[in-house]
Amino acid sequence: MARFFDFNGLGTNMRTEFIAGMTTFFAMAYILFVNPNTLAEAGMDAGAVFGATALVAIIGSVTMGLLANYPIALAPGMGLNAFFAYSVVIGMGIPWQTALSGVLVSGLVFMVLTASGIREMIINAIPEPLKMAVAAGIGLFIAFIGLKTGGLVVANEATLVSLGDLSKGTTLLAVFGLVVSAVLMTRGVKGAIFFGMILTAVAGMIFGLIPIPTSLGEVISAPPSIAPTFGQAFLHFDEIFTVQMMIVILTFFFVDFFDTAGTLVAVANQAGLIKENKVPRAGRALIADSTATVAGSILGTSTTVSYIESSAGVAAGGRSGMTAIVTALFFGLALFFSPLLAIITAPVTAPALIIVGVLMAASLLQIDWKKFEYAVPAFLTVIMMPLTYSIATGIAFGFLFYPVTMIAKGRAKEVHPIMYVLSLGFLGYFIWLH
């Protein structure tokens with residue numbers, strides 16, 4: 001095992017890898033509860049999604065560990081699950097079964113492009129400011145959802161939105177959770193988001209806002225059946241051949257593509273694995289990611305991505321794929337705790353969404369706001385996601401305006417031809433939409 005994972009070459013050992021894998025699990029365990037709650041909004045069975053979330057985290061993390069030997073764990077991605085539920089299913093009225101078919105296709109496309117080497121060309125075609133704007137915009141979108149589900153932001157006929165009722169118990173619980181999570185994050189506590197949810201749930205039980213488990217069966221049980229969601233992605237392939245679904249698939253692919261690439265570079269750099277400005281075995285890592293997305297769509301969950309929370313495990317000393325495999329083992333144990341879904345309610349998960357949004361908004365720092373040709377498309381990408389309740393619409397606005405501002409600046413030749421093609425495609429989408 002030590003030879004297979006090159007413990008000596010990477011300067012690690014089994015004890016260190018185990019601690020690192022456990023650290024990564026606690027840093028990302030919140031997804032076990034946030035993902036089912038989010039996809040349940042789309043009409044999916046929460047228990048089945050819980051099971052699918054844990055299983056795909058196991059499959060993806062083990063594949064990453066064995067195939068690429070990276071200390072990177074995988075699970076359904078934040079942002080893409082929100083896009084799946086709120087934009088695609090609720091916003092566009094697309095059945096969740098058809099949306100799963102879209103996830104499956106995006107994963108297969110990802111695999112083909114990774115194997116063919118075309119992925120590098122696409123990465124180079126998208127300007128850095130737009131990549132960063134997409135990440136930040138998704139962060140704002142997720143935070144907005146968290147504020148809404150936590151009752152901190154409510155609808156208002158006069159002003160569209162306004163502050164929620166702060167005298168309401170569940171809203172106060174969400175505020176408490178946000179404060180606790182923010183304090184834990186500020187103090188640098190590993191797994192702060194997960195532990196913030198636990199403390200919030202405990203506070204909710206103390207004040208009678210959340211039911212208290214009265215038996216062991218309300219905490220631990222056999223893994224939930226994934227029958228309600230398993231294989232649904234195969235049954236609706238005939239419904240994906242529409243302009244609307246092509247845009248959805250493109251968005252699934254685009255966000256997963258850059259999310260994974262960014263995480264891979266960041267974690268590999270932190271672990272000291274980058275050699276001569278190149279990420280070793282990058283192709284294998286991307287294959288592992290796309291394989292997990294395909295597996296997740298079949299099991300019944302939205303797009304799977306590499307988790308930046310893996311950096312917590314790297315900080316604890318993780319350097320090899322064994323870290324990811326240990327994380328997978330903990331997800332295996334988590335399968336038996338699905339009854340906790342009754343305790344981890346919306347006010348408990350809302351702070352997690354807001355904190356993740358804060359983390360993703362950090363990408364705004366990497367945009368050169370002094371260059372107006374970058375600022376306009378970047379700003380529109382960021383602002384339109386939460387205001388239109390659609391990640392796809394935000395991306396579309398940014399991709400449409402980028403060639404316009406670059407041409408106006410006299411830099412038309414610097415715009416990659418792929419960007420012009422994508423812009424025309426999004427323009428056609430808006431024309432068709434209306």
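Scroll up to find the structure.
Residues numbered from 1 in each chain as written. Predicted model: local features only at pLDDT ≥ 70, side-chain atom pairs only at ≥ 80, totals over all residues. Heavy atoms only, no water.

**What to know about the packing of helix α8 (residues 128–149) against helix α16 (residues 372–388)**
What counts here: To obtain each axis, a line is fitted to C-alpha atoms, and for helices this fit is confined to the stretch in contact; angles are then taken between N-to-C directions over 0 to 180 degrees. Helical segments are the DSSP runs of H or I of at least four residues, strand segments are the runs of E of at least two, and each set is numbered from the N terminus. Small angles under 35 degrees read as roughly parallel and large ones over 145 as roughly antiparallel, with 65 to 115 read as roughly perpendicular and the rest as oblique. The handedness criterion is simple: a crossing whose near helix is rotated anticlockwise from the far helix by less than a right angle is left-handed, and one whose near helix is rotated clockwise is right-handed. By the convention used here, residues are in contact when the closest approach between their heavy atoms is within 4.5 Å. Residue classes follow a fixed rule: Ala, Val, Leu, Ile, Met, Phe, Trp, Tyr, Cys and Pro count as nonpolar, while Asp, Glu, Lys and Arg count as charged, and any other residue, Gly among them, counts as polar.
Contact pair α8 / α16: the axes reach a minimum separation of 7 Å and the direction vectors enclose 25°. Put simply, α8 runs roughly parallel to α16. Once α8 is placed against α16, the crossing between them reads as right-handed. Between α8 and α16, the residues in contact are Pro 129, Leu 130, Ala 133, Val 134, Ala 136, Gly 137, Ile 138, Leu 140, Phe 141 and Phe 144 and Tyr 374, Pro 377, Ala 378, Thr 381, Val 382, Met 385 and Pro 386, respectively. Residues of the contact of α8 with α16, tallied by class, amount to 15 nonpolar, two polar and no charged.

**Here's the deal with the nonpolar core**
For the record, the criterion: Throughout, nonpolar core names a set of buried Ala, Val, Leu, Ile, Met, Phe, Trp, Tyr and Cys residues whose side chains join them through atoms within 4.5 Å. Exposure categories follow from relative accessible area, calculated using a 1.4 Å probe and restricted to protein chains: below 20% of the type maximum is buried, above 50% is exposed, and the middle band is partly exposed.
Counting residues in each nonpolar core, the largest one holds 94 residues, and the members touching the most others are Met 78, Phe 84 and Ile 395. Formed by 19 residues, the second largest nonpolar core is a distinct cluster that contains Val 56, Tyr 70, Leu 74 and Ile 226.

**Section: the pairing of strand β2 (residues 153–156)**
Heads up, the rule is: Note on pairing: two strands pair once DSSP finds at least 2 bridges between them.
Pairing between β2 and strand β3 (residues 160–163): four bridges, direction antiparallel. By the bridge assignment for β3, Val 153 is matched with Leu 163. Adjacent in sequence and paired antiparallel, β2 and β3 are bridged by three residues.

**Some remarks on the side chain of Ser 320**
What counts is decided by this rule: Pairing of N or O atoms within 3.5 Å defines a polar contact, subject to two protein rules: one partner must be a possible hydrogen donor and the other a possible acceptor, and residues neighboring in sequence count only if both atoms are side-chain atoms.
Mapped onto the fold, Ser 320 is located in the loop between α13 (310–315) and α14 (321–334). Within the structure, Ser 320 has its side chain in polar contact with the side chain of Glu 17 (distance 2.7 Å). Contact partners of Ser 320, with chain neighbours within four places excluded, come to Phe 5, Phe 7, Leu 10, Glu 17, Asn 69, Tyr 70 and Pro 71.

**Observations regarding the packing of aromatic side chains**
When we look at a pair of aromatic rings, we describe it by the centre distance and by the angle of the planes. The following threshold applies: Only the six-membered ring of Trp is used, alongside the rings of Phe and Tyr, when aromatic pairs are assigned; centres must lie within 6.5 Å, and planes under 30 degrees apart are stacked while those over 60 apart are edge-to-face, with the rest tilted.
The full count for this structure, using the stated rule, is 18 aromatic pairs. Summarising the aromatic geometry, the rings of Phe 25 and Phe 331 are spaced 5.0 Å apart at their centres and angled 85° between planes, so their arrangement reads as edge-to-face. Of this pair, Phe 25 sits in helix α2 (residues 14–28) while Phe 331 sits in helix α14, placing them 306 residues apart in sequence. The class for Phe 331 is buried, based on a relative accessible area of 0%. Between Phe 399 and Phe 426, the ring centres sit 5.7 Å apart and the planes meet at 75°, which makes this aromatic pair edge-to-face. Here Phe 399, found in helix α17 (residues 391–408), pairs with Phe 426, found in helix α18 (residues 417–433); they are 27 residues apart in sequence, far enough to count as distant. Through successive ring pairs, a cluster of aromatic residues spans Phe 18, Phe 25, Phe 26, Phe 194, Phe 195, Phe 330 and Phe 331.

**Focus on unusual backbone geometry**
For Asp 6, which is not glycine, the phi dihedral falls at a positive 55°. Tracing the backbone shows Asp 6 in the segment before α1 (7–10). Not every positive phi belongs to a glycine, and Leu 160 is a case in point at roughly 70°. You can call Leu 160 exposed: its relative accessible area is 69%.

**Here's the deal with the packing of α8 against helix α15 (residues 346–360)**
Two elements in contact, α8 and α15, have axes separated by 7 Å at closest approach and are oriented at 160°. By the angle between their directions, the pair α8 and α15 is classed as roughly antiparallel. As α8 runs across α15, the sense of the crossing is left-handed. Every residue of α15 that contacts α8 at Ala 135, Ala 136, Ile 138, Gly 139, Ile 142, Ala 143, Ile 145, Gly 146, Leu 147 and Thr 149 is listed here: Ala 346, Ala 350, Leu 353, Ile 354, Val 356, Gly 357 and Met 360. In terms of residue class, the contact of α8 with α15 is built from 13 nonpolar, four polar and no charged.

**Concerning the environment of Thr 323**
Within the secondary structure, Thr 323 sits in helix α14. By relative accessible area, Thr 323 is classed as buried at 0%. C-alpha of Thr 323 to C-alpha of Gly 51: the two residues are 272 residues apart in sequence and 22 Å apart in space. Leave out the neighbours within four places in its chain, and Thr 323 touches Glu 17, Ala 20, Gly 21, Thr 24, Pro 71 and Gly 318. A polar contact is formed between the side chain of Thr 323 and the side chain of Glu 17, at a distance of 2.7 Å.

**Here's the deal with the environment of Ala 125**
Relative to the helices and strands, Ala 125 is located in helix α7 (residues 118–125). Sequence separation of Ala 125 and Arg 3 is 122 residues, and the distance between their C-alpha atoms is 39 Å. Every residue in contact with Ala 125, bar those within four places of it in the chain, is listed here: His 416, Ile 418 and Met 419.

**With respect to helix α12 (residues 282–299)**
Threshold: Given the number of residues in a helix, its expected span is that number minus one, multiplied by 1.5 Å.
Here α12 spans 26 Å end to end across 18 residues, near enough to the 26 Å set by a 1.5 Å rise per residue. With its phi angle positive at about 120°, Gly 300 sits one or two positions after the end of α12.

**What about the pattern of salt bridges?**
As a reminder of what qualifies: What makes a salt bridge here is a side-chain nitrogen of Lys or Arg within 4 Å of a carboxyl oxygen of Asp or Glu, nothing more.
In total, this model carries three salt bridges according to the counting rule given. For Glu 414, the salt bridge identified is with Arg 411, shortest N-O distance 2.7 Å. Each of Glu 373, Arg 411 and Glu 414 takes part in one network of salt bridges that share partners.

**Digging into a nonpolar patch on the surface**
For clarity, the cut-off: Exposure above 30% relative accessible area and the lack of any salt bridge qualify a residue for a patch; like charges then connect within 9 Å, and the nonpolar side chains Val, Leu, Ile, Met, Phe, Trp and Tyr within 5 Å. Shrake-Rupley sampling with a 1.4 Å probe provides the accessible areas, and residues are treated as covered by the protein chains on show and by no other component.
On the surface, a nonpolar cluster with roughly 620 Å² of combined accessible area is contributed by Val 189, Phe 195, Ile 198, Val 202, Ile 206, Phe 207 and Leu 209. For Ile 206, the location among the structural elements is in helix α10 (residues 192–206).

**Here we look at helix α9 (residues 169–186)**
The end-to-end C-alpha distance of α9, which contains 18 residues, comes to 26 Å, matching closely the 26 Å that a straight helix rising 1.5 Å per residue would cover. Those residues of α9 not exposed but buried are Thr 171, Leu 173, Ala 174, Gly 177, Val 180, Ser 181 and Leu 184. Its buried side turned inward, α9 meets α10 and α15. One or two positions beyond α9, positive phi appears at Gly 188, with a value near 75°.

**Looking at the environment of Gly 107**
With respect to the element layout, Gly 107 can be found in helix α6 (residues 96–116). Gly 107 sits in the buried class, given a relative accessible area of 0%. Separated by 206 residues in the primary sequence, Gly 107 and Gly 313 place their C-alpha atoms 26 Å from one another. Beyond its immediate sequence surroundings of up to four residues, Gly 107 is in contact with Ser 290, Thr 293 and Val 294.

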